[in-house]
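Working through the structure, step by step
If you want the building blocks of each chain, they are given just below.
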There are 2 protein chains.
Amino acid sequence: MVDYFIGIDGGGTSCRAALANGNGTILGRSKSGASNILTDPDTALKHIAEAARLAFEEAGITPDLPSAPAVLGLAGNNVGDAVNYVQARLPFKQSEIVSDGVIALQGAIGDEDGAIGIVGTGTVYIARHDGKLHSIAGWGFQVSDLGSGARLGQLALQESLLAYDTIRPMTGLSKAILAEFGNNPENVVDFARLAKPGDYGRYTPKVFEYARQGDEAAIRILNTGAAGIDEALDAVNAITRSKGRLCLLGGLAPLYPEYLAERHRSRLSEPLADALTGAVALAVKAYGSPSEARA
Amino acid sequence: MVDYFIGIDGGGTSCRAALANGNGTILGRSKSGASNILTDPDTALKHIAEAARLAFEEAGITPDLPSAPAVLGLAGNNVGDAVNYVQARLPFKQSEIVSDGVIALQGAIGDEDGAIGIVGTGTVYIARHDGKLHSIAGWGFQVSDLGSGARLGQLALQESLLAYDTIRPMTGLSKAILAEFGNNPENVVDFARLAKPGDYGRYTPKVFEYARQGDEAAIRILNTGAAGIDEALDAVNAITRSKGRLCLLGGLAPLYPEYLAERHRSRLSEPLADALTGAVALAVKAYGSPSEARA
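Definitions and cut-offs
- Positions within a chain are numbered from 1, following the residues in the order the chain's sequence is written.
- For this description, chains carry letters from A and ligands carry numbers from 1, given in the order in which they are written.
- Since the coordinates come from a predicted model, pLDDT governs what is reported: local features require at least 70, and pairs of side-chain atoms require 80 or more to be given and counted, while whole-chain, interface and lining totals use all residues.
- Side-chain descriptors were evaluated using all non-hydrogen atoms of the structure, hydrogens and water having been removed beforehand.
- Comment: elements are numbered from the N terminus, with helices defined as DSSP H or I runs of at least four residues and strands as E runs of at least two.
- Put simply, the radius of gyration uses C-alpha atoms, and a globule should come to 2.2 Å times the residue count raised to 0.38.
- Burial classes: relative accessible area under 20% of the type maximum marks a residue as buried, over 50% as exposed, and values in between as partly exposed (1.4 Å probe, protein chains only).
- Any two residues having at least one pair of non-hydrogen atoms within 4.5 Å are treated as being in contact.
- We get accessible surface area from the Shrake-Rupley algorithm with a probe of 1.4 Å; when it comes to residues, only the shown protein chains can shield them.
- Lys and Arg are tallied as positive, Asp and Glu as negative. Neither His nor the chain termini are counted.
- A charge is said to be at NZ when it belongs to Lys, at CZ for Arg, at CG for Asp and at CD for Glu.
- Delimitation of the domains relies on an automatic or database domain assignment.
- Buried area, as used here, totals the accessible surface that two parts lose on assembly, with accessibility defined by a 1.4 Å probe and the loss added over both.
- The term salt bridge refers to a side-chain nitrogen of Lys or Arg lying within 4 Å of a carboxyl oxygen of Asp or Glu.
- N or O atoms within 3.5 Å of each other form a polar contact, as long as, within protein, one can give a hydrogen and the other can take it, and as long as residues adjacent in sequence are counted only when both atoms are side-chain atoms.
- Any residue that is not Ala, Val, Leu, Ile, Met, Phe, Trp, Tyr, Cys, Pro, Asp, Glu, Lys or Arg is counted as polar, Gly included; the first ten are nonpolar and the last four charged.
- Two strands qualify as a pair provided that DSSP identifies no fewer than 2 bridges between them.
- Helix axes use the C-alpha atoms of the stretch in contact, all axes being lines fitted to C-alpha atoms, and the angles between their N-to-C directions lie in the range 0 to 180 degrees.
- Expected helix span is computed as 1.5 Å times (number of residues minus one).
- Two rings belonging to Phe, Tyr or Trp (six-membered ring only in the last case) form a pair when the distance between their centres is within 6.5 Å. Interplanar angles under 30 degrees mark stacking, angles over 60 mark edge-to-face geometry, and anything in between is tilted.
- The superposition of copies rests on a least-squares fit of C-alpha positions from residues with pLDDT of 70 or more in both.

Regarding the overall build of chain A
Each helix and strand in chain A was counted, giving eleven helices and nine strands. Against the compact-globule benchmark of 19 Å for 295 residues, chain A has a radius of gyration of 21 Å, which places it among compact chains. If one aligns the C-alpha atoms of chain A with their principal axes, the spans along those axes are about 70 × 40 × 30 Å. Within the span of chain A, comprising 295 residues, buried residues form 55% of the whole. Within chain A, contacts between residues separated by at least 24 positions form 61% of all contacts whose residues are at least 6 apart in sequence. Surface accessibility of chain A: about 12,200 Å² in total, with carbon and sulfur atoms responsible for 49%. Computing the positive centroid from 26 side-chain charges and the negative centroid from 33, chain A places the two 2 Å apart.

Below, the structure written as structure tokens:
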């Protein structure tokens, strides 16, 4: 019989763990360092074990990882080699590695059908219908993730060059962005050539800030982004038949709703719980005794 | 007194040269190998000299480069270091390095005011008003060059992922593109991560091909691209006050007009001559005696 269950929410900046009993009641939470299984799997393994031990300690229980089953939500879970390497070296009784989106879904909507949209530097949508999971978008800013922070930042840079070229009006946003590049479009081009999603995303707060002031270019960019999110949510609704919760998560979740179509805005609700709670609930469901699996 | 003038049109795949007399009459044309001054300036110098010698020979004249002034239209002319290196080593009497766009403008519209749009893998627009040159766009596909071949190909890949994700309808174009990637979106993502403009541009002929068959996605992509070109041409017209010739050049020039706004389509005319003719005309204008400068 298993006494304790571990949930892990691991990513590039930190690794969080939660310990629950067989009822799914969370007894302790903790946090350690980065756990990116793609770029540094050994450090990720170290931080996963550290976070799990700390969660036991937080709960006032002597850590015993080999006795505890775990569900881990990890970015990069779709890269087989990294997953196999980490899976084989985890210190838990049993363990399952799922995507960060899957634990976020479980946390946000619990066991019912419904969907989430994670709207941050990238975008990904996860829907559950008749218990089956569906994932939409999340392929990166070059050819996907319309409306993501990376896309908004990229559009802001594009807008500033269009203004420089007298193709679009020069607005406060474009002026501010060009000023950051010394008013030299070649600096924008040099930046864009190598920009990673997070590099573009750094310009996204400025877009929301200028849009609030009525900046024409900023509003155009956000309307373009919102249209991309609206059509993805339409696809999500086609899967769920618009049943159950619909939650937006991620850094842009609080900022976007006012730009979305009314049909989506009116359906949005707050997540029930966070991704870490989702992970530990999944661990209880997967490895708890049938009578315990209620989380 | 100078007897002969050289024009050079050099790029990544070949270097072309023309020889003219003081009236601007072209006496010989020729072609040699690649002359990319950014990636391989020494080879570029070799091929420039070779093309010039061959142009003399074509004209039946003993080559004498040190006696002939030249104007060279070279891609990469905006990178100072490369230009200085090449400029100091050219074999001509005098020489000026200008952009490939400037010689194309001269060839297409002659000495009058007017404008060209070069619509190929990238896009750039060059306008002449009251004798002064203005350049618009050409900053690359990441943050500029809306409607370029690179952009159209990128949109085609994006469209195929949107269709895969059930966000947009699956059309023949998206089906054909996904099939090229083994129907695995991760292959599209891997490709897009490192794709250069020309890599994306390889998918552009397919977009025009499917649009001709009525494919909804292909038509949407071309309308998006054409809107980008339309607004750039509006900016061009604001500079030229819609006076003089307006010519489209580049690989997509024959394909795009039917998608453009009527206000632009009705103004388009055929170029008077090619870029090489423009280069040699500029050489006669710059270095010929005043009475000769009529080309």
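Next comes the rest of the write-up.
Observations concerning the domain arrangement of chain A
Residue and element names in this part refer to chain A. According to the domain assignment, chain A consists of domain 1 (4–110 + 273–292) and domain 2 (113–271). One C-alpha centre belongs to domain 1, the other to domain 2, and the line joining them spans 30 Å. Contact with domain 1, which involves nine residues of that partner, is made by twelve residues of domain 2. Approximately 800 Å² of surface area, both sides summed, lies buried where domain 1 meets domain 2, with 75% of it carried by carbon and sulfur atoms. The largest share of the area that domain 1 buries against domain 2 comes from L105, A108 and I109, three residues that together contribute 60% of it. Taken together, the links from domain 1 to domain 2 amount to zero salt bridges. Summed over the shared surface of domain 1 and domain 2, the result is two residue pairs in polar contact (both at pLDDT 80 or more). Looking at the side of domain 1 that touches domain 2 residue by residue, the class counts come to six nonpolar, three polar and no charged.

Focus: the pattern of salt bridges
Under the defined criterion, the tally for this structure stands at 26 salt bridges over all chains. Salt-bridge contacts for R168 of chain A lead to E231 of chain B; the nearest nitrogen and oxygen are separated by 2.7 Å. Highlighted residues: R168 of chain A in the loop between α4 (149–164) and α5 (172–180) and E231 of chain B in helix α9 (residues 216–240), drawn from two different chains. On the basis of relative accessible area, E231 of chain B is assigned to the buried category, the value being 19%. The shortest N-O distance in the salt bridge between R29 of chain B and D274 of chain B comes to 3.2 Å. Residue R29 of chain B is found in strand β3 (residues 26–32), and its partner D274 of chain B is found in the loop between α10 (262–265) and α11 (275–287); the two are separated by 245 residues along the sequence. The structure contains a network of salt bridges with shared partners spanning E159, R168, E216 and R220 of chain A together with E231 of chain B.

Comments concerning the sheet that holds strand β2 (residues 15–21) of chain B
Backbone hydrogen bonds are what pair the strands of a sheet, in a parallel or an antiparallel way. Residue and element names in this part refer to chain B. Spatially, five strands are ordered β3-β2-β1-β4-β5 in an open sheet, and the strand pairing comes out mixed. If you trace the sheet from one side to the other, it starts and ends with β3 and β5 (95–98), each paired once. Direction aside, neighbouring strands of the sheet carry axes that sit 15° apart on average. Sheet topology places β2 next to β3; six bridges connect them, and they run antiparallel. Within β3, the position partnered with A18 by the bridge is R29. Across the sheet, α11 touches β1 (4–10), β2, β3, β4 (70–74) and β5, and the angle it forms with β1 is around 140°.

Considering the interface of chain B and chain A
Listed as interface residues are 30 residues of chain B and, on the opposing side, 30 residues of chain A. Across the chain B/chain A interface, buried area totals approximately 2,500 Å², and carbon plus sulfur atoms make up 58% of it. The tally of links from chain B across to chain A stands at two salt bridges. On inspection of chain B and its partner chain A, the count reaches ten residue pairs in polar contact (both at pLDDT 80 or more). Counting only elements with at least two residues in the side of chain B that touches chain A, the list comes to β8 (132–136), α4 (149–164), α6 (185–194) and α9 of chain B.

Structural notes on the sheet that holds strand β3 (residues 26–32) of chain A
All names here are of chain A. The five strands are arranged β3-β2-β1-β4-β5 in an open sheet whose pairing can be described as mixed. Two strands lie at the open edges of the sheet, namely β3 and β5 (95–98), each paired on one side alone. Adjacent strand axes in the sheet meet at a mean angle of 15°, parallel and antiparallel pairs treated alike. The strands touched by helix α1 (residues 41–58) within the sheet are β1 (4–10), β2 (15–21), β3 and β4 (70–74), with β3 carrying the most contacts at an inclination of about 140°.

Some details on the side chain of S174 of chain B
All names here are of chain B. Mapped onto the secondary structure, S174 falls in helix α5 (residues 172–180). Overall, the relative accessible area of 0% leaves S174 in the buried class. Filtering out sequence-adjacent residues up to four positions away, S174 remains in contact with E159, S160, A163 and A217.

Quick notes on α4 of chain B
Between the first and last C-alpha of α4 of chain B there are 23 Å, a value that for 16 residues agrees with the 22 Å anticipated at 1.5 Å per step. T166 of chain B sits one or two positions beyond α4 of chain B and adopts a positive phi of about 60°.

A look at the packing of aromatic side chains
On inspection of all chains with the given rule, the structure shows 18 aromatic pairs over all chains. Between F191 of chain A and Y203 of chain A, the aromatic rings sit 5.7 Å apart at their centres with planes inclined by 85°, giving edge-to-face as the arrangement. Residue F191 of chain A is found in helix α6 (residues 185–194), and its partner Y203 of chain A is found in the loop between α7 (197–201) and α8 (204–212); the two are separated by twelve residues along the sequence. Since its relative accessible area comes to 18%, F191 of chain A is described here as buried. When the ring of F208 of chain B is compared with that of Y256 of chain B, the centres are 5.6 Å apart and the planes differ by 85°; the resulting orientation is edge-to-face. You can see F208 of chain B sitting in helix α8 (residues 204–212) and its partner Y256 of chain B sitting in the loop between β9 (245–249) and α10, a full 48 residues away along the chain. Per residue, the accessibility class of F208 of chain B equals that of Y256 of chain B, and both read buried.

With respect to the pairing of β4 of chain A
Residue and element names in this part refer to chain A. Taken across its five residues, β4 has five buried, putting it largely inside the fold. Neither face of β4 is left uncovered, since the one carrying A70, L72 and L74 and the one carrying V71 and G73 both have all their residues buried. Pairing analysis gives five bridges linking β1 to β4, with the strands arranged parallel. Within β4, the position partnered with G10 by the bridge is L74. Bridge count for β4 against β5 is four bridges, and the pairing is parallel.

Quick look at the relation of the copies chain B and chain A
Between the two copies of the chain lies a rotation about an axis combined with a shift along it. Here chain B sits on chain A after a turn of 180° about the axis and a move of 0.0 Å along it, with an RMSD of 0.0 Å. Taken together, the rotation and translation describe the operation of a two-fold axis. For chain B, the smallest separation between a C-alpha atom and the rotation axis is recorded for Q142 of chain B, amounting to 4.4 Å.

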